[in-house]
Amino acid sequence: MKTIEGNLISKGFRIALIVSRFNELIGKKLLDGAMDCLLRHEVKDDDITVIWVPGAFEIPLIAKKAGLSGKYDAVICLGVLIRGATPHFEYISGEVTKGIALVGLELNLPVIYGILTTDSIEQAIERAGAKAGNKGWNAALATLEMVNLLKEIN
Ligand code: DLZ
């Protein structure tokens, strides 16, 4: 039996992080978590590019642009969508989720989904460095594993 899996050795990886400015306070916490994970796995600060976009809806286009540039081994998408009183949340979260998945498939590149979709700001805070961990950290870890996994398969 042959098993293929990605390790977490990450020296030399070049990573783009795309972060939504909407709900910026929480987005910054996700970014802090992702940076902590990348740096502690020996990704160099100089090899990390952070790109801010106005809102989560803009993430897929910029993820595609970053991916197409050929400068990155992976793109991490970070943002926070909080349900409001109108159906806006459903429309935006559906499009963002589809868009991010599509970019990864089209470009054959790890494009990682680090978007919180929550019912309340409290739930978002819990997932951005409080009692439910930091989903930015988790997204970065998944990124390192995926870059290595693709290398293994190739
Ligand atoms: C408009 C909007 C709303 C209502 N909520 C959020 C949100 O919770 N999180 C987020 O990242 N962005 C939100 N936006 C902004 C949209 O993503 C987008 O930036 C604008 O509709 C402009 O295209």
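Scroll up to find the structure this text is about.
As the structure is a computational prediction, the values presented were derived from the model and not from experiment.

J.: Can you tell me about helix α2 (residues 59-68), naming the residues and giving the values?
T.: Those residues of α2 that fall on the buried side of the exposure criterion are Ile59, Pro60, Ala63, Ala66 and Gly67. Seen from one end, α2 has its buried residues packed into an arc of 125°, which puts them on one side. Residues of α2 that are exposed and point over 90 degrees away from its buried face: Leu61, Lys65 and Leu68. In the core, the buried residues of α2 are packed alongside β1 (15-20), β2 (48-53), β3 (74-82), α3 (88-107) and β4 (111-118). Remark: glycine 70 follows α2 within two positions and exhibits a positive phi of approximately 75°.

J.: Can you lay out the pairing of β3 for me, pointing to particular residues and giving the numbers?
T.: Across the 9 residues of β3, 8 count as buried, placing the element largely inside the fold. Pairing geometry for β1 and β3, over 5 bridges, is parallel. Paired with isoleucine 18 across the two strands is cysteine 77, which belongs to β3. Pairing of β3 with β4 involves 8 bridges; the strand directions are parallel. The residue bridging glycine 79 from the neighbouring strand is isoleucine 115, located in β4. Handedness of the β-α-β unit built from β3, α3 and β4 comes out right-handed.

J.: Pulling in residues and values, what's your account of helix α5 (residues 135-153)?
T.: Here α5 is 19 residues long and its end C-alpha atoms lie 26 Å apart, about the 27 Å a rise of 1.5 Å per residue gives. Three or more residues of α5 are buried, namely Gly136, Ala139, Ala140, Thr143, Leu144, Val147 and Asn148. Down the axis of α5, the smallest arc covering the buried residues is 165°, so these residues share one side. Among the structural elements, β1, α1 (24-40), β3, β4 and β6 (133-134) are those in contact with the buried residues of α5. Where α5 begins, the side chain of asparagine 134 points an oxygen toward the backbone nitrogen of glycine 136, at a separation of 2.8 Å.

J.: How would you sum up the site of the ligand? Please name residues and give values.
T.: Near the ligand you find Ser20, Phe22, Asn23, Gly55, Ala56, Phe57, Glu58, Val80, Leu81, Ile82, His88 and Ile92, and these make up its full shell. In the environment of the ligand, an oxygen atom lies 3.1 Å from a nitrogen or oxygen atom belonging to the backbone of phenylalanine 57. The contact in question runs from an oxygen atom of the ligand to an N or O atom on the backbone of isoleucine 82, over 3.2 Å. In the complex, the protein chains occlude 70% of the 490 Å² of accessible area that the ligand would expose alone. Here the ligand is seated within the largest pocket. Among the secondary structure elements, those contributing two or more residues to the shell around the ligand are β3 and α3. Residue contributions to the shell around the ligand peak at 3 residues, all from β3. The residue makeup of the shell around the ligand, split by class, is 7 nonpolar, 4 polar and 1 charged.

J.: Provide a residue-level description of the environment of leucine 78, including the pertinent values.
T.: Along the chain, the position of leucine 78 falls in strand β3. Along the chain, leucine 78 and tryptophan 52 lie 26 residues apart, while their C-alpha atoms are 9.6 Å from each other. When near neighbours in sequence (up to four residues on either side) are disregarded, leucine 78 contacts Leu17, Ile18, Val19, Ser20, Leu30, Leu31, Ala34, Ile59, Gly114, Ile115, Gly136 and Ala139.

Cut-offs and rules
Residues numbered from 1 in each chain as written. Predicted model: local features only at pLDDT ≥ 70, side-chain atom pairs only at ≥ 80, totals over all residues. Heavy atoms only, no water. Buried < 20%, exposed > 50% of the residue type's maximum accessible area, 1.4 Å probe, protein only. Helix = DSSP H or I, 4+ residues; strand = E, 2+ residues; numbered from the N terminus. Arc of directions from axis to C-beta. Contact = heavy atoms within 4.5 Å. Pairing = 2+ DSSP bridges. Right-handed = clockwise from strand over helix to strand, strands pointing away. Expected span 1.5 Å × (residues − 1). Polar contact = N/O pair within 3.5 Å; in protein donor to acceptor, adjacent residues only side chain to side chain. Near = heavy atom within 4 Å. Areas by Shrake-Rupley, 256 points an atom, 1.4 Å probe, with all protein chains shown as cover. 1 Å grid on protein atoms, 1.4 Å probe; cavity = no way out; pocket = protein on both sides within 12 Å on 5 of 7 lines; lining within 4 Å. Sits in = over half its atoms within 2 Å of the grid points. Nonpolar A, V, L, I, M, F, W, Y, C, P; charged D, E, K, R; others polar.

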